[in-house]
Amino acid sequence: MIPINQYKLYFYITFTLYCIVFTSSVVLSEINEEIIINADKIEIYDDGNKINAEGNIKIQSSEFLSSSDNLIYIKDKKVLNASGNTIIKDNLKNYYYFDDFVSDKDFNNSIGVNAKIRLKSGARIVGDKFLRTNSTVNQINNASYTPCLQKNYIVENCPGWKLNAKKVIHDTEKNNIYYEGATLSILNIPVFYTPFFSHPDPTVKKRTGLLMPKLSSDNILGTSTSIPFFYNIASNHDLTFTPTIQSKADDYFNVKYRLLTKNHEFNIDTSISNNELNTGTKNHIFIDGAVKNPFGKFDYKVETSNNDTYLRKNYIYEQTIFTSGLNFSKEMENSYLDFSSYVYKHLNNSTEQQWEYVYPTINYNIYNYKDPFYQLDWRIDNSLLNYKDINKNFKQQISSEVFSSKIRIHKNTGLKFENTIQNRLIYFNNSENDLNQLRLFPQISSKISYPLSKNVGNKTELLEPIILPILAPYNNYNNNQSITSNNIFDLNRETSLSQWESGPRINYGINWLIRNEVYTINTSFGQSAKINKNDNSENSNEISNYFIGNTLDFGNTGYIKTDITIDRKDLYLKDNNINSSIVLGKVKFGFDYDYETLNKIKTSEQISVGAKINILKDTDLIMSIRKDLMRDKSIGNAFGLHYENDCLALSFDYFRDFIAIDDIKNSHGFSFTVTLKPFGTSKQAGKIRNFGPDL
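Residues numbered from 1 in each chain as written. Predicted model: local features only at pLDDT ≥ 70, side-chain atom pairs only at ≥ 80, totals over all residues. Heavy atoms only, no water.

1. Considering unusual backbone geometry
Part 1: Looking along the chain, the bond that leaves Tyr-359 and enters Pro-360 is cis, with omega of -20°.
Part 2: Phi at Asn-134 takes a positive value of approximately 55°, unusual for a residue other than glycine.
Part 3: With a relative accessible area of 59%, Asn-134 lands in the exposed category.
Part 4: The backbone of Asp-618 sits at a positive phi, close to 65°, despite the residue not being glycine. (Buried < 20%, exposed > 50% of the residue type's maximum accessible area, 1.4 Å probe, protein only.)

Have a look at this one:
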């Protein structure tokens with residue numbers, strides 16, 4: 001009996017060990033103090049103190065997850081020794097790859113060989129030896145760092161940029177990466193060495209430090225170099241200081257400050273020159289902000305400079321009008337209130353005609369007011385305007401306009417009637433001729449159309465003849481309106497509040513729409529006729545010219561838009577405007593053409609062309625040109641070569657500008673910008689000029 005029992009005991013022990021050694025096994029330690037090990041084979045020695053594991057090893061602890069081919073774990077020393085395809089994933093979702101790896105069980109202090117680290121952002125660090133201390137500091141020797149994603153490399157094994165260093169230290173608590181003996185390489189070409197360097201890791205949204213420099217050169221300013229310094233005051237406000245050094249012009253220093261709170265946005269943009277050429281110190285100050293409050297939205301802005309051409313000469317900004325003022329607006333359930341007061345300075349005008357004032361303009365509009373008599377929905381627009389023009393004439397206008405429109409469709413004929421009643425009452429005061437008047441502009445109109453629709457498969461065709469008779473009294477307060485294909489069916493072509501298009505008139509024409517899954521064609525043809533007050537008056541303005549507008553829309557492929565005016569008497573081309581944007585494979589093309597005549601004499605003809613050609617992966621050739629065809633003179637041209645991927649932007653641009661205004665002379669030059677994108681933006685890469693359509 002004893003031997004049998006001994007054999008049974010031996011069998012049970014052997015079966016248990018077989019299950020542990022030759023099947024997928026699990027070793028559990030004390031909860032929250034040890035680790036969980038899964039493997040194809042596990043052997044336990046020294047009374048459970050030493051564990052050997054082989055094959056498909058998975059380790060789980062509260063601090064990391066791991067996999068490897070081989071593992072030795074010493075329980076009393078709490079030391080892991082892994083080898084063969086070792087992969088660690090920490091709680092920050094960073095991955096570590098090693099050939100050999102030794103660590104405590106909490107991944108606080110570790111050593112690794114042939115380290116490859118992929119941070120959560122996708123950035124990578126590769127080096128010979130890995131040392132981790134205090135659970136937050138990783139040191140990698142003879143290492144390279146790059147944030148560039150391998151799938152976006154323009155050349156195999158060639159990241160956009162990388163930093164090679166004797167030591168790379170990543171502090172995951174301070175979110176900083178430090179380098180000792182670092183060399184910056186762009187497209188594997190070493191360009192810069194520094195004995196010490198540091199930058200925030202990719203988890204940091206913003207941090208104090210230098211941003212990417214910008215380099216440009218032209219015949220007027222010489223070589224210009226800008227090196228921005230970013231100061232992160234707090235998470236909601238920061239400051240950027242940018243000195244710009246120029247070899248042929250005054251240096252200038254720019255400061256930008258931003259503040260954002262729950263209810264307030266505030267920005268300052270200012271610069272000052274150093275007067276190195278003894279032409280006087282020049283400066284500019286731009287301020288803008290917005291305040292949210294329970295009463296509405298309040299916006300304000302200030303734009304000023306002590307020199308009218310300073311910003312344009314130095315390519316800081318291209319604007320020709322400075323705007324300063326404030327605006328308050330409030331949207332209510334059925335009404336809208338707007339109060340604004342602005343000052344405008346026209347930089348290209350003479351000193352006597354630069355300033356224009358609006359102080360103030362008040363608008364109070366009421367929507368969807370239903371009258372109790374006819375049950376019509378009315379819109380009531382009320383406004384007050386005090387205005388001083390560039391000739392120092394003062395104008396005051398107080399007006400109220402009522403507007404109601406209703407659409408009716410005749411069931412038997414299919415005719416569509418859009419009937420409109422409107423009336424504007426205005427008090428007008430003009431100091432130019434000492435005029436005080438009360439003006440009334442009533443008007444009744446009906447837009448009559450007969451939509452004809454045809455559907456065949458995915459194709460829809462709509463032909464709509466339109467007649468728009470308008471009844472309005474004659475008045476002496478209108479200009480010669482510029483009638484175009486865009487406003488041929490407008491009820492009132494006058495844009496001034498104190499004026500109204502005069503007299504009875506009728507607008508008529510045809511709209512033709514064709515649409516399918518590939519393209520949309522929208523063509524309109526129209527003309528306007530007036531009934532003159534005096535029978536013996538000249539009839540040149542009684543019937544307008546012919547207006548033809550056409551839009552061919554190809555969706556994502558682009559569009560072609562044309563507006564044509566044909567003289568009704570002599571049938572010659574009076575005006576022509578063409579705008580187009582087309583994408584053909586890797587080429588995006590833009591084209592603008594403007595042609596104007598007066599009494600058969602050409603007064604203006606310009607053409608501008610722009611193109612963006614993708615010549616290589618992430619690499620575009622950009623070109624633009626504008627020419628005055630009437631004078632056969634070029635206005636400007638530019639071309640550039642731009643490379644941009646997820647981590648690097650390179651741009652080289654050359655331009656020639658033939659425009660000369662005041663002391664702004666004809667210029668030509670180039671700009672070259674390198675942007676390491678985690679440390680800067682490519683949105684304003686250098687002093688790029690564009691003379692063509694906006695692509």
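2. What to know about a nonpolar patch on the surface
Part 1: Taken together, the side chains of Ile-154, Val-155, Leu-215, Ile-615, Leu-616, Met-623, Phe-639, Leu-641, Phe-652, Phe-670 and Phe-672 define a hydrophobic patch exposed on the protein surface, amounting to about 890 Å² of accessible area.
Part 2: When residues of the nonpolar patch are traced back to their parent elements, those giving at least two are strand S38 (601-616), strand S40 (633-644) and strand S42 (667-676).
Part 3: Inspection of the secondary structure puts Met-623 in strand S39 (residues 619-628). (Patch = residues over 30% accessible without salt bridge, like charges linked within 9 Å, V, L, I, M, F, W, Y side chains within 5 Å. Areas by Shrake-Rupley, 256 points an atom, 1.4 Å probe, with all protein chains shown as cover. Salt bridge = Lys/Arg side-chain N within 4 Å of Asp/Glu carboxyl O. Helix = DSSP H or I, 4+ residues; strand = E, 2+ residues; numbered from the N terminus.)

3. Observations regarding the pattern of salt bridges
Part 1: Evaluation of the coordinates by the stated rule reveals 16 salt bridges.
Part 2: When the shortest N-O distance is used, the salt bridge between Lys-345 and Asp-308 registers 3.0 Å. Within this pair, whereas Lys-345 is found in strand S24 (residues 335-346), its partner Asp-308 is found in the loop between strand S22 (296-305) and helix H2 (310-313), the two being separated by 37 residues in sequence.
Part 3: Here Glu-501 ties to Arg-493 by a salt bridge, and the two come within 2.6 Å at their closest N and O atoms.
Part 4: By relative accessible area, Glu-501 is classed as buried at 0%.
Part 5: Among the ionic contacts, a cluster of salt bridges with common partners joins Lys-206, Asp-238 and Arg-258.

4. As for the packing of aromatic side chains
Part 1: In total, this model carries 25 aromatic pairs according to the counting rule given.
Part 2: Considering the side-chain rings of Phe-241 and Phe-253, the 6.4 Å spacing of their centres and the 5° angle between planes classify their relative orientation as stacked. Of this pair, Phe-241 sits in strand S18 (residues 237-246) while Phe-253 sits in strand S19 (residues 252-260), and the two are twelve residues apart along the sequence.
Part 3: Given the relative accessible area of 33%, Phe-241 is considered partly exposed.
Part 4: Centre to centre, the rings of Phe-441 and Trp-500 are 6.0 Å apart; their planes meet at 15°, and the pair counts as stacked. Of the two residues, Phe-441 is situated in strand S29 (residues 435-449) and Trp-500 in the loop between strand S31 (459-471) and strand S32 (505-515); the sequence distance between them amounts to 59 residues. Here Phe-441 matches Trp-500 in class, with each residue buried. (Phe/Tyr/Trp six-rings, centres within 6.5 Å; stacked < 30°, edge-to-face > 60°.)

5. Looking at the pairing of S29
A regular strand places its side chains on the two faces of the sheet in alternate fashion.
Part 1: Two strands pair when backbone bridges link them, and strand S28 (residues 416-430) and S29 are joined in this way by 15 bridges, in the antiparallel orientation. Residue pairing in the sheet places Phe-417 in a bridge with Ile-448 of S29.
Part 2: Adjacent in sequence and paired antiparallel, S28 and S29 are bridged by four residues, among which Asp-434 carries a positive phi angle near 50°.
Part 3: The pairing of S29 with S31 spans four bridges and is antiparallel. Among the inter-strand pairings, Ser-449 is bridged to a residue of S31, identified as Ile-466. (Pairing = 2+ DSSP bridges.)

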